[in-house]
Amino acid sequence: MSRGARDGASVPHLALLDGSNLAFRAYFATRHLGMKRPDGMPVGALHNYLQMVWSTLERLDPSHAAVAFDPEGGSKARTALLPQYKQNRLAMEDDLRRQWPHLIEANAALGLPLLCVDGFEADDVIATLTRQARARGWRVSIVSGDKDLMQLVGEGVRQIDPAGGKEYDAEGVRARWGVPPAQIRALLALAGDSSDNIPGVEGIGPKTAAALLAEYGTLEGVLAAADGLKQKKRRERLLAQADRARTAWRLVGLDDAVPLPRTLDELARRPPDRAALGALLDRFQLRRLAHRFGVGGAATVARSDQADGARSDRLVADRAALDALCAALEQAELIAVDCETDSLACRSADLVGLSFAVQAGEGWYLPLGHRDAEGALLPGQLDRGEALARLAPLLEDGGRAKCGHNLKFDRQVLRRAGIELAGVRYDSLLLAYLLDPGGQPPKLDYVAERYLGHRCIPFEEVVGKGRNQRSFDRVAIDRALPYAAEDAEVAWRLCRRLRDELVEQGRLARHDAIELPLSGVLAEMEWHGVALDVALLARLSDRFGARIARLEREIRQTAGSEINIHSPRQLGVLLFERLGLPGGKRTKSGQWSTTQEVLEQLAPLHEVVRLILEVRSISKLKSTYCDALPRQIDRESGRLHTSYNQAVTSTGRLSSSEPNLQNIPIRTAEGREIRRAFVAPPGRLLISADYSQIELRLMAHLSGDAGLIDAFRAGADIHRATAAAIHGVADAAVDGGMRRAAKAINFGIIYGISAFGLARQLGITRKAAAAFIDAWFARYPRVRDYMEACKERARRDGFVETIKGHRIPLPGIHDRNAMRRQYAERLAINGPLQGSAADLIKMAMIRLHDALARRFPEARLLLQVHDELLIEAPEGQADGVARLAREVMESVEELSVPLVVDLGSGRDWLAAHAL
């Protein structure tokens, strides 16, 4: 029985794989991971290609199959027709070029016949095989992400995008492009194809092309009707560029008469050559794939490290050992340092010991504060003062290169011990983050296993678990030694390995110029903290508590009975059973859903819902800030110290925790009251420096839209200008409501807002919201082009980049789940804006920190929240510090529009914040 018969068909089933398309997708989907063999040979493309092809063949189970590759030199006919055809494409990257012969080899190992015909592209080979197979009544599955091949979709022919698993039949093509497969060629001829450097008719995109084809049927029908079109520019462009459209028509058409070296019958499916496949996987150390394919295995993981053998752990317990350590540090090219402490609160943690490494396979541990159960120092430890005095000159020498993992923590611990760490060159936490931003948090254990194939000693194995867990200062020295020495030795190896990865990718400059110096600035900010008015927070807590009580009484009166609104079950019964509000949905447990989103949708329908939302909002402010912040004040400094997370978000934006100061509401009066509690000590002022409309300015710069650029260059109120353009009125005629709506549209567009979302936000109909959005894009047309280009780059590369080269991975861009794919598309648009805004604020922090140290050493950066910096300065220097902040922030990068900083100063954060 044939494979085709097994999956429900009685006819042969031909799978045609676009090998060139799959190979590039495989490479760009994994390029940011930097997968390599221990000898440095890249393996990511090979790994992903094998996985995609194997999965596709398993899923389709075809009776016949082949893979087509583009020949060197591509299509001779198309290049003769248009010399610049595909010349916009960058040369194949070296990492992919090195893997290309092995990708070709992989097809034979998988049992796939390979077709590569000189002078003809893979698309033409696929078109020829499709025509031949359909002539014999076969079913055809085309496996490619190339839109050109959608011309072939029809009865018995489907196209499958392997990255997301999306299948396209004729209706799927129509849903995707707005035209049936028979009109794809005409659509591309009118709109052009930027990926192949094929120009279409200027000003006509896919949507306009689809609308024209819906009315006039064919390319020639559109061109014939051009003279009668109402839109002047479109009419003129179609008439002037008709020949260009006809040339594009010839370029995007597929040649289905390629002289093939094999017949259809010779493409009968063969099983994989397991010996060849096993040897290939073993050679490239792709152990997991070997296990999955059941063909034997490689001895090691591709990311293992050849130097990872037995480690020598050296205990520094006497003066001779300390002398030996200092001698090793003095001779070292790179010193890894790590602090062991009794807690993770770096501002108050006590130093328990120091570990060092200067080469692979050897770690040193200097215990300083290990104690017995009664708190007495354990024997076998040097005098703390003496040991630190010996090490301080080495650690404070900026000419001696240091490295480590999350040295922002160690800087502060060492400062508390009286040592200012200098000469930091690499941080493996930041290096790992740059290689895979937004992936799994780059903790040392995870990064070591991923990149070195090394499993670190678990922390719980040393300190215990649960009730039996003790702090590190209560761990016996012999048990602490291997754990602590490993921390430094692994960090040393990681820094060298990850540094080399980034060097090969040409991306180490990001670590050196931005992330590493920023880490030092953040350490300073965390160390200094910010002053709080605890008495004000206590008064606010009382006031909020009284208001919550009043609101709860009002809710009970409105509901007509006692109810605990903090109980989701009782609240659901009240809203959807007793009050009978529409739209209720039950959770898996059977209860009514009462999430914030559900309540916001119901708020316009009943007063009680509005009151419940108000209670939730004020309760969160009370518990999260009024009650919690005073308990988090450091006893020694008397100030609040947040912790900045530099290696968490995929976009590169900073976040903060313990406490999180990034999410204090600014739009509500109650949220602004919280900011009043952040104060300057007597004789000092707080200065707020906030980038104005930074993401809109970046959109203008990145999209190159003339309307946006001109508005910002003229210093116009961008929201008023947008409102005037959308409503077709003069700026002076724009009222407050029109401006608010325009503001919502301006920022909503950046975040990919839908007509439904905008309608709900503004309280208007979806039709009116859609009209606003259409009018916005008509005013700023280059923005839509930019957005489409972002999505296209994301689909091609698997990532997008900021203006300073931070790479934002988009693993969901090809996901078959529509919600995840749409989220990735929104991030493809907004990510470069958010990430570029993060680039600017990070560079500004570095430069402003250095400038303050030179010109106003008594001033200091305190907080970074979104696009705002909060600075504390002596009262008499506040004006000078503010001017310096503006000077630095507005000149940090030259864009096509000016950067503008809003300034304010005052005794507290609210007074300083320029609203």
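So, here's what we can say about the structure.

Bringing the packing of helix α2 (residues 19-30) against helix α5 (residues 94-109) into the picture now. At a minimum axis separation of 11 Å, α2 and α5 run at an interaxial angle of 135°. As the angle between them shows, α2 and α5 are arranged oblique. Our pair here, α2 against α5, has a crossing hand that is right-handed. Note on element contacts: α5 touches α2 through Asp95, Leu96, Gln99, Trp100 and Leu103, opposite Ser20, Ala23, Phe24 and Tyr27. Looking at side-chain class alone, the contact of α2 with α5 contains 6 nonpolar, 2 polar and 1 charged residues.

With respect to topology, 6 strands assemble into an open sheet ordered β3-β2-β1-β4-β5-β6, the strand pairing being mixed. Both outer strands of the open sheet, β3 (114-115) and β6 (166-168), are each paired with one neighbouring strand and no more. Pairing analysis gives 3 bridges linking strand β5 (residues 157-161) to β6, with the strands arranged antiparallel. Paired with Gln159 across the bridge in β6 is Tyr168.

In this section: unusual backbone geometry. Of note, the amide linkage connecting Glu658 to Pro659 takes the cis form, showing an omega dihedral of 0°. Structurally, the position occupied by Pro659 is in the loop between β15 (655-657) and α27 (669-675). Although it is not a glycine, Asn406 adopts a positive phi angle of roughly 60°. Structurally, Asn406 can be placed in the loop between β11 (402-404) and α17 (407-416). Accessibility expressed as a relative area gives 28% for Asn406, which makes it partly exposed.

Attention now moves to the sheet that holds strand β12 (residues 424-427). Across the sheet, which stays open at both edges, the 6 strands sit in the order β7-β10-β9-β8-β11-β12 with mixed pairing between neighbours. The open sheet terminates on both sides in strands that have one partner only, identified here as β7 (312-315) and β12. Direction aside, neighbouring strands of the sheet carry axes that sit 25° apart on average. Where β7 lies against strand β10 (residues 362-367), 4 bridges are found, and the strand directions are parallel. For Ser312, the partnering residue across the bridge sits in β10 and is Glu362.

A separate point is the pairing of strand β2 (residues 64-68). Burial within β2 is extensive, with 5 of its 5 residues counted as buried. Every second residue of β2 is oriented toward a common face, with His64, Ala66 and Ala68 on one face and Ala65 and Val67 on the other, all of them buried. By the bridge criterion, 5 bridges tie strand β1 (residues 13-18) to β2 in an arrangement that is parallel. Looking across to β2, one finds that Leu14 is bridged to His64. Sheet topology note: the β2/β3 ladder contains 2 bridges and is parallel. Its bridge partner being in β3, Ala68 is matched across the sheet by Leu115.

To continue, consider the pattern of salt bridges. All told, the structure shown has 53 salt bridges when counted by the stated rule. The partner of Asp161 in a salt bridge is Arg25, and the shortest N-O contact between them spans 2.7 Å. In this pair, Asp161 is assigned in strand β5 and Arg25 in helix α2, connecting sequence segments 136 residues apart. Exposure remark for Asp161: the relative accessible area of 13% places this residue in the buried category. On the accessibility criterion, Arg25 (12% relative accessible area) is buried. Note that Asp265 and Arg136 form a salt bridge whose closest N and O atoms lie 3.0 Å from each other. Separated by 129 residues along the polypeptide, Asp265 in the loop between α12 (242-252) and α13 (274-283) and Arg136 in the loop between α6 (122-135) and β4 (139-143) bring together distant segments of the chain. The partly exposed category is assigned to Asp265, whose relative accessible area is 47%. Several salt bridges converge on common partners, so that one network encompasses Arg547, Glu607, Arg610, Glu614 and Glu670.

About the criteria used
- Residues numbered from 1 in each chain as written.
- Predicted model: local features only at pLDDT ≥ 70, side-chain atom pairs only at ≥ 80, totals over all residues.
- Heavy atoms only, no water.
- Axes fitted to C-alpha atoms, helices over the stretch in contact; angles between N-to-C directions.
- Helix = DSSP H or I, 4+ residues; strand = E, 2+ residues; numbered from the N terminus.
- Parallel < 35°, antiparallel > 145°, perpendicular 65-115°, else oblique.
- Left-handed = near helix turned anticlockwise from the far one by under 90°.
- Contact = heavy atoms within 4.5 Å.
- Nonpolar A, V, L, I, M, F, W, Y, C, P; charged D, E, K, R; others polar.
- Pairing = 2+ DSSP bridges.
- Buried < 20%, exposed > 50% of the residue type's maximum accessible area, 1.4 Å probe, protein only.
- Salt bridge = Lys/Arg side-chain N within 4 Å of Asp/Glu carboxyl O.

Any functional reading would require information that these geometric values do not contain.
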